[in-house]
Amino acid sequence: MTDSTSMVEIRWHGRGGQGAVTSAKLLAEAAFLSGWKGVTSAPSFGAERRGAPITASTRLDSEPIRIYSQVTSPDIAIVLDDSLLEVGGAATGLKPGATVIVNTTRSAAELGVAGDARVVTADVTGAAQAAGVLVGGNAIVSAAILGSIAKATGVVTMESVESAITHMFNGSAAAKNVEAARIAYECTEGAR
Amino acid sequence: MGTRECGSPISMSKPSAGEAGRTGDWRANRPVMTAQACLAVKKGEVVCQLCWAYCPDACISRGVGPVIDMEYCKGCGICSEVCPANAIEMVPEAAHGVCNVGEGSER
Amino acid sequence: MSDTAIKRTVMAGNEAAATAAKLARVQVIAAYPITPQTSVVEQLSAWVESGELPAEFVTVESEHSALTVCITASTVGARVFTATSANGLAYMTEQVWWAAGARLPIVMCIANRAMAAPWNVLNDQQDSMSVRDAGWIQLYCRDNQEILDTTIQAYRIAEQLHVPVMVCYDGFLLSHTVMPVEVPSAEQVDAYLPPYEPLTVVDPDDPRNIGPVTLADPRANADGVSCHGYMEVRALHQQALLGALETIPAADAEWSELTGREWGGLTWEHLLDDAEVVLVAAGSVGMQLTVAAEALREQGVKAGVLGIRSYRPFPVDALRGKLAGRKLALVFDKALSYGNEGPICGDLKAALYGQPEAPVVFGAVCGLGGRDVTVEQLNDAANRAIADLADGVTDRAADWLNLHL
Ligand code: SF4
Ligand code: SF4
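Everything quoted here is computed from the prediction, not taken from an experiment. (Residues numbered from 1 in each chain as written. Chains lettered and ligands numbered in written order. Predicted model: local features only at pLDDT ≥ 70, side-chain atom pairs only at ≥ 80, totals over all residues. Heavy atoms only, no water.)

Q: Just give me the short version of the packing of helix H1 (residues 20–33) of chain A against helix H5 (residues 144–153) of chain A, but keep the residues and values in it.
A: Residue and element names in this part refer to chain A. One way to put it is that H1 packs onto H5 with a least axis distance of 9 Å and a crossing angle of 45°. Comparing their axes, H5 and H1 come out oblique. Relative to H5, H1 is oriented so that their crossing is right-handed. Contacts between H1 and H5 involve Ser23, Leu26 and Leu27 from the former and Ile145, Leu146 and Ile149 from the latter. For the contact of H1 with H5, the residue count by class is 5 nonpolar, 1 polar and no charged. (Axes fitted to C-alpha atoms, helices over the stretch in contact; angles between N-to-C directions. Helix = DSSP H or I, 4+ residues; strand = E, 2+ residues; numbered from the N terminus. Parallel < 35°, antiparallel > 145°, perpendicular 65-115°, else oblique. Left-handed = near helix turned anticlockwise from the far one by under 90°. Contact = heavy atoms within 4.5 Å. Nonpolar A, V, L, I, M, F, W, Y, C, P; charged D, E, K, R; others polar.)

In structure tokens:
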């Protein structure tokens, strides 16, 4: 009733400090560059407590978006670490045939996501680590995950992902993040 | 889902474990205590206890040496920072390898 | 970012506000960070630091001081900008009145946030609604493009009338949500905004007191000229605010000639022509109401939306005209005048009082403290109101959406 048939609703599951805000912004820009006219990307609202589960909402459409409420029945759920599948409610409310992208070292079978969702796994943290995207010794997946999204869903092109990353980061940080996204792209299942 | 049971017209919370939910779920790094290094253990008395005093989640109990309740430890690392004996180390909860390029679909 | 060309990109509402201030070539910025306004200040200070924005950025210890700096800078002829939210706005309230009474064309962005206690950093509109009577113009935005365009228009309006303007937009829902925005070129904005000409210029050779004690009655000055008493000053202020009913649409129309974008001036509408049920709101919830109205139409209800862009001045004539002959107006407020009702609802009832063709007006309260407002809830609220009307109800208590008490 409330969404047009072309609208893609995306829900992010991350933890405070994990970079979901950056990810949501990068996806918005990449989507805009990929030709979506309607784009809204809202980070988690309010005080972000480090480590606390957060959700964020992104909507993509062929026309401007007029809905600002949080995404509760996503077409795509992006899970920035697999522990959020249980505690973050990442599998709740998924649309039939939804895609769930999980940053994990485990296999889709091991994760055991209930329902008919297509579960795509990728060790995005490993990709960020390999590319040297580290802050205080921790790998930051905020840009790398875009590679997995591009590969698994096709809602954005890799070219637009790289442009968005280059726009947001400077110099070597941009190069490392682009590299991380490329590695993540390679180690993610392709679009159906 | 009525909220009247809460019983007060104003907003309040208690300084106790669990008020912010199961904060153990927030943890990306876990504090690991080396008992032999702890000043309290060395002395055999309830001394120091800085970790207990500083833990923002009230999830360390006083003792020789102090014990951390991992149900509610959110992994903030403050105990590790304040420990004068470097007896608490923060270690990542999950290990990641280097992404195996090209083998993604088998995962 | 180069200012020379029109640019299409995506940005958050706070960045849109900061970008507008930069394009307006503000000369003095004084602001104190508060969630959810913070990134406006961060962005502007970064631009000042890098030299991209040749302005004076005055760091202050409080919102009260922030507006005080703006007041003094504006008094001596600078184009100034500030922004705040919730308790920050409350803290500067004394100076909010001063800025208006001194007739200074300050533009202030408000990233709307709930008032404490209890502490809450999320969106509603209680903060700006609470200072609606202070003599500022208040414009409410529905998306980030409107934030950018309105902030630029605000300088035009403010400087023409010598009245300060608050550009209000929903915290997080707009302030932090990234969406496509077209950034006008510096050339376009320069063509639209002539340099600021202050009402009084501080001149040591021709000194004067500004805003001195002004007694009730008019007084003769040293030259024997009769000067305003307090009531005359206030009457002129009211005239200026009422004059804004023409200035605001004119500023919007001229902006539209330059950019092709116009925002409706005082009010905006969606599917209103033949609407019998009119959903009324200010800010981003109005956007969601357009989706709700479409859904209601699918259901067979002739529904439309009337959005309030200018809340102060309150567009009484426009609202009377646009609502005449309708069956029902349902007003969604994200604030409350405690002990009475939602501020927009109450104002609308007052505007329609005694009008022969006025619709029944019902109120709804939604989204306080960031409570998520969905299109479904808006739809359900409309259906409840329609059912009440069918039952012959003509007045009722506000419907609180998604309340769990
Ligand atoms: S202070 Fe130590 S025990 Fe307490 S929450 Fe932080 S990491 Fe856990
Ligand atoms: S702060 Fe360190 S030394 Fe002191 S009691 Fe805790 S663990 Fe032992």
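Q: Can you explain unusual backbone geometry? Please cite residues and give values.
A: All names here are of chain C. For the bond running from Thr35 to Pro36, omega is 0°, close enough to zero to count as cis. Between Ala116 and the following residue, Ala117, the backbone shows a cis peptide bond with an omega angle of 0°. Summarising the element assignment, Ala117 is placed in the loop between strand E5 (107–112) and helix H6 (126–129). Residue Ala86 is not a glycine yet carries a positive backbone phi of 40°. Along the chain, the position of Ala86 falls in helix H4 (residues 86–91).

Q: Quick one: what's the story with helix H3 (residues 63–75) of chain C, residue by residue and with numbers?
A: Note: α-helices contain 3.6 residues per turn, so residues at a spacing of three or four share the same orientation. All names here are of chain C. Along its 13 residues, H3 runs 18 Å from first to last C-alpha, staying within 8% of the 18 Å computed at 1.5 Å per residue. Along H3, the residues that are buried comprise Glu63, Ser65, Ala66, Leu67, Val69, Cys70, Ile71, Ala73, Ser74 and Thr75. As for H3, its buried residues are in contact with strand E2 (28–31), strand E3 (56–59), strand E4 (80–84), H4 and helix H5 (93–101). Capping the start of H3, Ser62 holds a side-chain oxygen 3.3 Å from the backbone nitrogen of His64, two or three residues further along. Among the residues trailing H3, Gly77 stands out with phi positive, at a value near 105°. (Expected span 1.5 Å × (residues − 1). Buried < 20%, exposed > 50% of the residue type's maximum accessible area, 1.4 Å probe, protein only. Polar contact = N/O pair within 3.5 Å; in protein donor to acceptor, adjacent residues only side chain to side chain.)

Q: Give a detailed account of the site of ligand 1, specifying residues and quantitative values.
A: Around ligand 1, the neighbouring residues are Pro31, Cys55, Pro56, Cys59, Ile60, Ile68, Cys73, Lys74, Gly75, Cys76, Gly77 and Cys79 of chain B. Class assignment for the residues of the shell around ligand 1 results in 9 nonpolar, 2 polar and 1 charged. (Near = heavy atom within 4 Å.)

Q: Please set out the site of ligand 2 residue by residue, giving values where relevant.
A: Surveying the vicinity of ligand 2 reveals the residues Cys38, Leu39, Cys48, Gln49, Leu50, Cys51, Pro66, Cys83, Pro84 and Ile88 of chain B. Grouping the amino acids of the shell around ligand 2 by side-chain chemistry returns 9 nonpolar, 1 polar and no charged.

Q: Tell me about the interface of chain A and chain C, residues and numbers included.
A: Taken together, the contacts link 20 residues of chain A with 30 residues of chain C. For the chain A and chain C pair, buried surface summed over both sides reaches about 2,200 Å², with 65% attributable to carbon and sulfur atoms. Counting across the interface, chain A meets chain C through 2 salt bridges. Notably, a salt bridge pairs Arg66 of chain A with Glu294 of chain C, separated by 2.7 Å at the nearest N-O pair. (Buried area = accessible area lost by both parts, 1.4 Å probe. Salt bridge = Lys/Arg side-chain N within 4 Å of Asp/Glu carboxyl O.)

Q: I'd love a proper account of the packing of aromatic side chains, names of residues and values included.
A: Residue and element names in this part refer to chain C. Considering all chains together, one arrives at 3 aromatic pairs over all chains under this definition. With a centroid separation of 5.0 Å and 70° between ring planes, the pair formed by Tyr192 and Trp255 is classed as edge-to-face. Placement of the pair is Tyr192 in helix H8 (residues 186–192) and Trp255 in helix H9 (residues 230–259), with a sequence separation of 63 residues. Accessibility classification places Tyr192 together with Trp255 in one group, the buried group. Here the aromatic rings of Tyr311 and Phe314 are separated by 5.7 Å at their centres, their planes lie at 85°, and the arrangement is edge-to-face. Side by side, Tyr311 and Phe314 carry an identical accessibility label, which is buried. Taken together through their ring pairs, the aromatic side chains of Tyr140, Tyr311 and Phe314 make up a single cluster. A cation sits over an aromatic face here: Lys22 above Trp47, 4.6 Å from the ring centre. (Phe/Tyr/Trp six-rings, centres within 6.5 Å; stacked < 30°, edge-to-face > 60°. Lys NZ or Arg CZ within 6 Å of the ring centre and 35° of its normal.)

Q: So, a nonpolar patch on the surface: which residues are in play, and what are the values?
A: Residues and elements named next belong to chain B. A surface patch of nonpolar side chains, amounting to about 210 Å² of accessible area, comprises Val41, Val46 and Val64. Position of Val64 among the secondary structure elements: in the loop between strand E2 (60–61) and strand E3 (67–68). Note on Val64: relative accessible area 45%, which makes it partly exposed. (Patch = residues over 30% accessible without salt bridge, like charges linked within 9 Å, V, L, I, M, F, W, Y side chains within 5 Å. Areas by Shrake-Rupley, 256 points an atom, 1.4 Å probe, with all protein chains shown as cover.)

Q: I'd like to hear about the packing of helix H1 (residues 13–23) of chain C against helix H2 (residues 38–50) of chain C, residue by residue, with values.
A: Residues and elements named next belong to chain C. Their axes nearest at 8 Å, the elements H1 and H2 cross at an angle of 40°. With respect to each other, H1 and H2 are oriented oblique. In this structure, H1 meets H2 at a crossing whose hand is right-handed. For the pair formed by H1 and H2, the contact residues are Asn14, Glu15, Ala17, Ala18, Thr19, Ala21 and Lys22 on the first element and Ser39, Val40, Gln43, Leu44 and Trp47 on the second. Here the contact of H1 with H2 is built from residues that sort into 6 nonpolar, 4 polar and 2 charged.

Q: Outline the state of the cysteines, supporting the account with residue identities and numerical values.
A: Within this structure, the stated rule accounts for 0 disulfides over all chains. With no disulfide partner, Cys59 of chain B has as its closest neighbouring cysteine sulfur the one in Cys55 of chain B, 3.6 Å distant. (Disulfide = S-S within 2.5 Å.)

Q: With reference to specific residues and values, describe the pairing of strand E12 (residues 277–281) of chain C.
A: Residue and element names in this part refer to chain C. When you tally the buried positions in E12, you get 5 out of 5 residues, the bulk of the element. Burial along E12 is two-sided: the residues Val277, Leu279 and Ala281 and Val278 and Val280 are all buried. Here E12 pairs with strand E15 (residues 328–333) via 4 bridges, running parallel. Bridge assignment links Val277 to a residue of E15, and that residue is Leu328. Of the pairings in the sheet, the one linking E12 to strand E13 (residues 303–308) comprises 5 bridges and is parallel in character. Residue pairing across strands places Leu279 opposite Val305, the latter belonging to E13. At this point the chain moves from E12, through helix H10 (residues 285–298), to the parallel E13, and the crossover so formed is right-handed. (Pairing = 2+ DSSP bridges. Right-handed = clockwise from strand over helix to strand, strands pointing away.)

Q: Kindly report on the pattern of salt bridges, identifying the contributing residues and their values.
A: The tally for this structure, following the rule as stated, stands at 31 salt bridges over all chains. Residue Glu146 of chain C is joined to Arg142 of chain C by a salt bridge in which the shortest nitrogen-to-oxygen separation is 2.9 Å. Under the relative-accessibility criterion, Glu146 of chain C is labelled buried at 0%. Beyond isolated ion pairs, a larger network of salt bridges with shared partners links Glu9, Arg59, Asp75 and Lys95 of chain A.

Q: Tell me what's going on with the confidence of the model for chain A, and back it up with residues and numbers.
A: The predicted structure's coordinates, where accompanied by low pLDDT, should not be read in detail. Mean pLDDT over chain A stands at 90; residues scoring 70 or higher make up 95%. Within chain A, the lowest mean pLDDT, 82, falls on helix H2 (residues 84–87) of chain A, and the highest, 97, falls on H5 of chain A. (pLDDT = per-residue confidence, 0-100.)

Q: Tell me what's going on with helix H12 (residues 343–352) of chain C, and back it up with residues and numbers.
A: Residues and elements named next belong to chain C. Among the 10 residues that make up H12, 8 are buried, leaving the element largely enclosed by the rest of the structure. When H12 is considered as a whole, its buried residues turn out to be Pro343, Ile344, Cys345, Gly346, Asp347, Leu348, Ala351 and Leu352. Where H12 ends, the next residue or the one after it, Gly354, has phi of about 80°, a positive value.

Q: How would you sum up the sheet that holds E13 of chain C? Please name residues and give values.
A: Residues and elements named next belong to chain C. Taken in spatial order, the 6 strands line up as E11-E13-E12-E15-E16-E17 in an open sheet, and their pairing is mixed. Either end of the sheet is taken by a strand with one partner, and the two such strands are strand E11 (267–270) and strand E17 (399–400). Here E15 pairs with strand E16 (residues 360–365) via 6 bridges, running parallel. Each bridged residue has a counterpart across the sheet, and for Ala329 the counterpart in E16 is Val361. Docked against the sheet, helix H11 (residues 316–323) engages E11, E12, E13 and E15, running at close to 175° with respect to E13. In the packing of H12 onto the sheet, contacts are made with E12, E13, E15 and E16, and the angle to E15 comes to roughly 150°.

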